[in-house]
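Structural description and commentary
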Amino acid sequence: MKNSLEPYEITGGCLCRNIRYRITEHPLMCAICYCRQCQHSSGSEATQVLVVPRTQFKVIKGEPKKYKSKGGSGFSVIRCFCGECGSPLFALPEGNRDLVSVKICSLDDPAAFKPNVAIFIREAQPWTSTPEKIHLFQQSLQIP
Ligand SMILES: [Zn+2]
Ligand SMILES: [Zn+2]
């Protein structure tokens, strides 16, 4: 249960630990994205992200490199990663500047979060199996 009296904090960073970040609010959503851009930038069939308010996200060590590309939604996305070890860390969607999507596996404790939504299923590779019992969306999702 959410306890507003206790400060909320989760932390994460890249493989070489040059870059570290902190999240100070409960995630709004935990999603798996199957879009081609996420596939390419992660080198994997999909990427798993926590969506959190941008005001509650802070890089506390190092300076990530940035790469801007068009996301599946048509808006640009700025992908942030470690220039030293190459780990993808988080992305800033230009279509919604209030949010940041943080790669779950860059967290110190990825086991604490389980994706409950899958997006851009239409771009998934034919050999990908999507998890059961989660909401599937062909494309993007409007986050309230
Ligand atoms: Zn690094
Ligand atoms: Zn994606």
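Details of the structure are given in the entry above.
Report on the accompanying structure. (Residues numbered from 1 in each chain as written. Chains lettered and ligands numbered in written order. Predicted model: local features only at pLDDT ≥ 70, side-chain atom pairs only at ≥ 80, totals over all residues.)

1. Quick notes on the sheet that holds strand β11 (residues 135-136)
Pairing within the open sheet is mixed, and its eight strands lie in the order β6-β7-β8-β9-β4-β3-β10-β11. On the outer flanks of this sheet lie β6 (65-70) and β11, each paired with one strand and no other. Two elements, β6 and strand β7 (residues 76-81), share six bridges in a ladder whose sense is antiparallel. Across the sheet, K68 pairs through a bridge with I78, a residue of β7. (Pairing = 2+ DSSP bridges. Helix = DSSP H or I, 4+ residues; strand = E, 2+ residues; numbered from the N terminus.)

2. Observations regarding the sheet that holds strand β5 (residues 57-61)
A sheet is described by the order of its strands in space; here three strands give the open sequence β1-β2-β5, paired in antiparallel fashion. The open sheet terminates on both sides in strands that have one partner only, identified here as β1 (10-13) and β5. The sheet shows a mean angle of 25° between the axes of neighbouring strands, taken without regard to direction. Note that β1 and strand β2 (residues 20-23) share four bridges and pair antiparallel. When the bridges of β2 are listed, T11 appears paired with R22. (Axes fitted to C-alpha atoms, helices over the stretch in contact; angles between N-to-C directions.)

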